[in-house]
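Each chain is listed here by its residues.
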Amino acid sequence: MAIRHYVLLATDGFVDLPTTPDVCPNPSTRQRTYIFGFVGGLFKVDDKVINSTLDWTDSANLPALLAMKGTATLPAPIIWAEIGDHLYITLINLGMAELPDLLDFHTVHLHGAHVATQVDGFPETSFGVPMWMDTTSTPPNATYFFQPEHPGTLMYHCHVEASEHVQMGMYGALVIYPSIESLAMAGITKNEITKQWFLDGKWQSQIPGTATNRNFAYNDIQTFFDKEYVMLLSDIDSTWHEAVRTQDPTFNAVNYRPNFWLVNGRAFPDTLLPHPQTPSPGSDPDLTQINYESYVHIKTGNKFLLRMINLAYQVAPWHIHGWHFMVIGKDSNPSPFLAIAPKLGLMPHEAQEHGFTATIGSGETYDLLLTADDKRSLYKNYIINGQDGLPSLCAQLKALQSVDPGAIFDIPTEPVSCPGPNTVNYINICDGTQGVDQFFPQFYPMHNHDDYKVTNDGTYPGGQLTYIQTDAPEGKDDCMEGYECEDVDDDLNGD
Ligand SMILES: [Cu+2]
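The rules behind each value
Residues numbered from 1 in each chain as written. Predicted model: local features only at pLDDT ≥ 70, side-chain atom pairs only at ≥ 80, totals over all residues. Heavy atoms only, no water. Salt bridge = Lys/Arg side-chain N within 4 Å of Asp/Glu carboxyl O. Buried < 20%, exposed > 50% of the residue type's maximum accessible area, 1.4 Å probe, protein only. Helix = DSSP H or I, 4+ residues; strand = E, 2+ residues; numbered from the N terminus. Pairing = 2+ DSSP bridges. Disulfide = S-S within 2.5 Å. Arc of directions from axis to C-beta. Donors = N, O, S within 2.8 Å, 3.2 Å for Na, K, Ca; no water. Core = buried A, V, L, I, M, F, W, Y, C linked by side-chain atoms within 4.5 Å. Contact = heavy atoms within 4.5 Å. Axes fitted to C-alpha atoms, helices over the stretch in contact; angles between N-to-C directions. Phe/Tyr/Trp six-rings, centres within 6.5 Å; stacked < 30°, edge-to-face > 60°. Lys NZ or Arg CZ within 6 Å of the ring centre and 35° of its normal.

A. The arrangement of the pattern of salt bridges in detail. On inspection of all chains with the given rule, the structure shows 16 salt bridges. The closest approach of N and O atoms between Arg 376 and Asp 374, which form a salt bridge, is 2.6 Å. Take Arg 376 and Asp 374: they sit in the same class, and that class is buried. With its nearest N and O atoms 2.8 Å apart, the salt bridge here joins Asp 431 to Lys 398. One end of the pair, Asp 431, is in the loop between α9 (426–430) and β25 (442–448); the other, Lys 398, is in helix α8 (residues 393–403), with 33 residues separating them in the sequence. Here the salt bridges do not stand alone but share partners, grouping Arg 4, Lys 48, Asp 284 and Asp 286 into one network.

B. Main features of the sheet that holds strand β10 (residues 188–191). Read across the open sheet, the three strands follow the order β10-β11-β12; overall the sheet is antiparallel. Because the sheet does not close on itself, it has two edges, and the strands there are β10 and β12 (202–203). Judged from the two bridges that link them, strand β11 (residues 196–199) and β12 form a sheet pairing that is antiparallel. Residue pairing for β12: Phe 198 is matched across the bridge by Trp 203.

C. Main features of the state of the cysteines. Under the counting rule described, the total for this entry stands at two disulfides. What pairs with Cys 394 in a disulfide is Cys 430, and their sulfur atoms sit 1.9 Å apart. On the S-S bond that ties Cys 394 to Cys 430, the torsion sits near -85°, and the link is left-handed. Of this pair, Cys 394 sits in helix α8 while Cys 430 sits in helix α9, and the two are 36 residues apart along the sequence. Across this residue pair, the class does not change: Cys 394 and Cys 430 are buried.

D. Focus on helix α7 (residues 376–384). Residues of α7 that are buried: Arg 376, Lys 380, Ile 383 and Ile 384. Buried residues of α7 fall within an arc of 80° about the axis and therefore sit on the same side.

E. Representation of the coordination of the copper ion within the structure. For the copper ion, the full set of protein donor atoms is His 106 (ND1), Cys 158 (SG) and His 165 (ND1), at a range of 2.0 to 2.1 Å. Here the donor residues of the copper ion share one chain and are spaced in sequence as H-x51-C-x6-H. Taken together, the residues His 106 in the loop between β5 (86–93) and β6 (109–111) and His 165 in helix α2 (residues 162–167) connect sequence positions 59 residues apart. When its relative accessible area of 1% is taken as the criterion, His 106 is described as buried.

F. Spotlight on the nonpolar core. Counting 71 residues, the largest nonpolar core has Phe 38, Ile 89, Val 108, Tyr 156, Leu 174 and Val 230 as the members making the most contacts within it. Ignoring any residue separated from it by four or fewer positions in sequence, one finds Val 230 in contact with Ile 78, Ala 173, Val 175, Asn 264, Ile 290, Asn 291, Tyr 292, Glu 293, Arg 307 and Ile 309. One finds Tyr 229, Phe 304, Leu 306 and Leu 370 within the second-largest nonpolar core, a separate group that totals 24 residues.

G. Molecular detail of the sheet that holds strand β7 (residues 141–146). Ordered in space as β3-β2-β1-β5-β7, the five strands form an open sheet in which the pairing is mixed. Two strands lie at the open edges of the sheet, namely β3 (48–49) and β7, each paired on one side alone. For strand β1 (residues 3–17) and β5, the ladder comprises eight bridges, and the chain directions are parallel. Across the sheet, residue Arg 4 finds its bridge partner in β5, namely Leu 87. Running over the sheet, helix α4 (residues 238–245) touches β1 and β2 (31–45) and is turned about 80° from β2.

H. A look at the packing of aromatic side chains. Applying the stated criterion to the full structure yields 19 aromatic pairs. Both rings, one in Trp 240 and one in Tyr 313, keep their centres 6.4 Å apart while their planes meet at 55°; by these two values the pair is tilted. Here the residue Trp 240 occupies a position in helix α4, and Tyr 313 occupies one in the loop between β16 (303–310) and β17 (316–320), the gap between them amounting to 73 residues. Of the aromatic side chains, those joined through ring pairs into one cluster are Trp 240, Phe 251, Tyr 256 and Tyr 313. The cationic tip of Arg 32 hangs over the ring face of Phe 14; the distance from NZ or CZ to the ring centre is 4.1 Å.

Here's what the structure looks like:
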């Protein structure tokens, strides 16, 4: 159990949205869009100060806090905690750099949290935090408190004039992990000496010794994941944003017509770039636990969790290529099938909710678990050698390339560095220039299946689209015949 204390500062800022599909777009082609948002982040964990600048009670910090006015980010910082933690969020209202006369209150509503109404952040039934006017003294503030009882994926947003403040960008992800204690109550334990995980005393060899309680989405052994990604969806009507910036009273919110669709605050192709809010590696694990990266990068065999959050004003049919997902939770409740299947003696694939498109309404969250199954046993022979009288796909691609070199697309590999990102295409991979396997990496898109939302103001591709890069299985890069290598893993079933 920890006391985790965040400080959020409400203010405004701008985002530069891409208008072309170039992976490293020219700054001159970007559309500058006005936003509201929160800055700040984790202040303290117990007595350990993470970011001393956020100590608003220290008058020496007042200039630095004031300098954050106008620096709003999209989305707001991720907030996370574990079951049993005391989560505190102090809100300070910096006011708007662009609109100094806008004296709106702000709040923090922890969407989906079982909190008392006093700290629910709905101003009409509680309170708002007024703007910091006398900047020679410490800012007015209020501290919200949340005692998380259930793991899961939630969100937070300002609830003042929510139609406008949410659209303007005052939102972020809220993630609650199981604790060691909550896992133990579900029979899930780890021997810290042998680094083995157990369920009701039975060794779970599929869970690596490096896993922690934060590799589980819920208090259920089936919710283990190797990697996790937040996919926070939102949309923007840039006409509305401009009307707020110019304080044009003629804009009517019921005429909402979005023209940009975002994943973690960015539209494709920015979704492939390193997220500006990700701390540098090696910094405090309290800061690096989870981030807003949206280019999913995994190894074959990994289990990866997509924490889908919809803060858009439109329903998002989220479609994932490559594999079917398993719905392990919705709105921070574990899927009932997780408990039912073992009782009926069924395997997960026999009694779980699976799919390839999740329809996510505004204010909903879904926890989608995927396993990057190895496709080599079914597909590699055809692609490399040809089969059933058909020539290899590699030979077909070379024929296409000779007709039009542009027909073979260069795919930016993660992490994408600009300018001059590394790219591969399937001619390179067929030629074995990516290692001896001739099959990896693989790339799968995932996107909003209202495909006009895979545009930036009508220009395709853009919007709510990102990729999953899948590399060869761990430690088997030099494995010539992949499916034979997989058999080695299958021997480790722990029985
Ligand atoms: Cu607000």
